[in-house]
Amino acid sequence: MIYFDNVSKLYNDGRSAALQEVTFQVAPKEFVSIVGHSGAGKTTLLKMIIAEDKPSHGQVFFESLDVHQIPRTKLPHYRRKIGTVFQDFKLLPNKTAYENIAFAMEANGRTDEEIHENVPQALALVDLDDKAWNFPHELSGGEKQRVAIARAIVNQPDIIVADEPTGNLDPIATYEVVQILRKINDLGTTVIMTTHNKGVIDELGRRVITMDEGRIVRDDETGKYVL
Amino acid sequence: MLTGIKRIVRAGFVGFWRNAYVSLASVFVITVALFVIGSTMFIDQLLTTSLKTLQQKVDINVYFVPSASQDDIDSIRNAVSALPDVATVTYTSREEALEKYRQRNQDDEIAMQALAELDDNPLGANIAISAKETSQYESIARFLEEKRELALQQSPVIDEINYARNKESIDTLTKIIGAVEQASLVTMLVLIVAAVLITFNTIRLAIYTAREEISIMRLVGASNMFIRGPFMLQGIMYGLVAGVFSLLIFYPIMVWLGPLTESFFEFNLFTYFVSNFSYIFGVLIGIGVVLGLVSSILAVARYLRV
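Summary of the structure given here. Just so we're clear, the structure is a prediction, and the values are computed from it rather than from any experiment.

### Regarding the overall build of chain B
Moving on, step 1. Looking only at helices and strands, one finds 11 helices and 4 strands in chain B.
Moving on, step 2. Here chain B has a C-alpha radius of gyration of 32 Å; the compact-globule value for 306 residues is 19 Å, and the former is much larger.
Moving on, step 3. Principal-axis analysis of the C-alpha atoms places the extent of chain B at approximately 105 × 40 × 35 Å.
Moving on, step 4. Evaluated residue by residue, chain B yields a buried proportion of 29% over its 306 residues.
Moving on, step 5. Sequence separation of 24 or more characterises 85% of the internal contacts of chain B that already satisfy a separation of 6 or more.

### A short note on the sheet that holds strand β6 (residues 82-86) of chain A
Where strands meet in a sheet, backbone hydrogen bonds hold them as pairs that are either parallel or antiparallel.
Residue and element names in this part refer to chain A.
Moving on, step 1. The mixed open sheet is built from 6 strands, whose spatial order is β6-β7-β8-β3-β9-β10. At either end of the open sheet lies a strand with only one pairing partner, and these are β6 and β10 (215-220). Ignoring which end each strand starts from, the neighbouring axes of this sheet average 15° apart.
Moving on, step 2. Bridge analysis of strand β3 (residues 31-36) against strand β9 (residues 207-212) gives 5 bridges, and the strand direction is parallel. From the neighbouring strand, Val 35 faces β9, where its bridge partner is Thr 210.

### Some details on the interface of chain A and chain B
Moving on, step 1. Counting residues at the interface gives 17 residues for chain A and 16 residues for chain B.
Moving on, step 2. Every element with two or more residues in the side of chain A that touches chain B is listed here: α2 (75-79) and α3 (97-107) of chain A.
Moving on, step 3. Counting residues per element, the side of chain A that touches chain B draws most heavily on α3(A), at 4 residues.
Moving on, step 4. Residues that form the side of chain A that touches chain B fall into these classes: 6 nonpolar, 5 polar and 6 charged.

### Quick look at the packing of helix α5 (residues 141-153) of chain A against helix α6 (residues 171-186) of chain A
Packed helices, taken two at a time, are described by their axes: the angle between them and the distance between them.
Residues and elements named next belong to chain A.
Moving on, step 1. At their nearest, the axes of α5 and α6 sit 9 Å apart, and the two run at 15° to each other. The pairing of α5 with α6 is recorded here as roughly parallel in orientation. Note on packing geometry: the crossing formed by α5 with α6 is right-handed. On the side of α5, the interface is formed by Gly 141, Gly 142, Gln 145, Arg 146, Ile 149 and Ile 153, while α6 contributes Ala 173, Glu 176, Val 177, Ile 180 and Ile 184.
Moving on, step 2. In terms of residue class, the contact of α5 with α6 is made up of 6 nonpolar, 3 polar and 2 charged.

### Re the sheet that holds strand β2 (residues 86-92) of chain B
Residue and element names in this part refer to chain B.
Moving on, step 1. Strand order in the open sheet formed by 4 strands is β2-β3-β1-β4, and the pairing between neighbours is antiparallel. Because the sheet does not close on itself, it has two edges, and the strands there are β2 and β4 (158-161). Averaged over all pairs of adjacent strands, the angle between strand axes in this sheet comes to 20°, irrespective of strand direction.
Moving on, step 2. In the packing of helix α3 (residues 70-82) onto the sheet, contacts are made with β1 (60-64), β2 and β3 (126-131), and the angle to β2 comes to roughly 160°.

Calculation notes
Residues numbered from 1 in each chain as written. Chains lettered and ligands numbered in written order. Predicted model: local features only at pLDDT ≥ 70, side-chain atom pairs only at ≥ 80, totals over all residues. Helix = DSSP H or I, 4+ residues; strand = E, 2+ residues; numbered from the N terminus. Rg over C-alpha atoms; globule rule 2.2 N^0.38 Å. Buried ≥ 20, exposed ≤ 12 C-beta atoms within 10 Å, placed from the backbone. Contact = placed C-beta atoms within 7 Å. Pairing = 2+ DSSP bridges. Axes fitted to C-alpha atoms, helices over the stretch in contact; angles between N-to-C directions. Nonpolar A, V, L, I, M, F, W, Y, C, P; charged D, E, K, R; others polar. Parallel < 35°, antiparallel > 145°, perpendicular 65-115°, else oblique. Left-handed = near helix turned anticlockwise from the far one by under 90°.

See the structure below:
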C-alpha cells in the first residue's frame, strides 16, 4: 500500500542526511510502529507520505501513485485519503471539538447530512460525546489527542499516519490513545505510527521498524523496542 | 459547490466574530485609511471649486470709443466669441454703461452736474471676456491688440484693453493655482500610499496569527479556495464596516465644516457631501472592500505555499 523505493533526503549542506536509502513497504491493514532516537528520521519519513517534504532521491508510492509527482492543485485530494495525528494535536483553536471534526468533512465536500451523522459517531468512538462543544483550550491533552484522532478517521481514510501521538500524554491517556488506534486498525485501517514509548511497543506486539541516523536498522514482524 | 460557498460564508462570519479583537483592529486601520482618502477627496474638491470661482472673477475688459459704430463693435464681439478659448462674453451698451455710471455716482453731485452739462453720452460700450483657463488670457489679449492696430488705420474703435493692468494678478493667480494643485497631488499620493501600506501590514499580521490554522487546514485536505474563502470574506467585511464607520465620522465633521467653508471658500462642503452622498458612499466602501480583499488574498497566499 505504501512503498518507499531507495529514498534519501539530504540537507542543503549536502553532507548531513535525514534519510539514507530507505526501502520498505507497508501492506494494507498493517499496524507499523517506527522507533528511533530523536533525529533518526522518523518524522521526515512520515512527512514524505503526506507530501509535506520531498525526497532528494528515490520515490514514494501510495498504491500505484507516485506521491511526489502529484500536482500541487491535486494535493488536497490526495491528503483526504490519509488521516494525520500529531504530537501537538494541531486542532483549530477557534473551533469546538465538533467543528474541528466537521471541518475535515466540509473540506472533503461531504453533505450536511453525512456530517450530522458521522461526527457524533467519531466522537463516540473516541469516547468524547460529552465534550463536543468544548474548545481545544478547554480539553486535557488526552482529550485533544482523541479529538485529533476522531478528525483523522471521520473521512474513513485508507491509512492513519500518527507522529508521536502519545509524546505529550501521561500514561493513562497514552494507554487510551493506543487502544483507540488499535481499535481503528482492527476495523481495517492501516496505521503507521512513530513513537519513543517502549511500553507502547511492547504492549502492541505488532511490526516494528527501527531507525538510526536516517537508515532502517531493524524490521521485525512482532518486534520489541530495541535500541 | 453551493454547500461549499455556504460553508465558506459561514466560516467567514464565525471567524470575524470569534477573532473580534483582530477584526476590530483591521476595521479601525481601514477606517483610518478611508478617512485619509476621503479627506483628500474633499480637499481636492474644495480646491478645484474655489479656484474655479476665483478664475471666474478674472476677465478682460475692452472699452470701445464712444464714436465707434455698432457694426464695428458687433464684429469684434462676434470674433471674440468665436475664439475656442473664450468662455463668456458680456456686452454692455453705451446706454447701459451710462445707467451704471449714474447709479454708482448717485450721491456725487459734481459728477452728476458734469454729466448734465454734456449733451451727449460720454461713455463707450464695453465687453467683459472670461476665458476657460487663466493661461489663455494672454492669447486673447494679443488677438484684441491686433484688432485694435488694424482699426487704427481707418477710424479707432477700441479705446482701451485693460489686460496689461490685470496681467500681473492673472499671472500670479495662474502660478498659485498650478502650485497648489501640484502640492496637493503629491501630499495626497504620499498619504494614500502610507494608508494602503499600513492596511496591508495590519491584515498580514492578522492572518499571521492564523498561519498555524492554515497549515492544519492544508493537512486535513482542504483545497486552497476553501482555506482562502473565509479570509477573503472577512477582508470584504472589514472594508464594508470600515466604509460605514468612515462615513459616520465624516458626517459630523461635514456638519461643522459646512458653514465655515461656505464663508471662506464660497463652497459649502456639507451640501456637497449630502448631494453627492451615493457617490462618496460608493467610492469609500468600494475602496475599503478592495483594500480588505486584496490584502487578505496577498496575506493568505504566503501561507498557502507548500
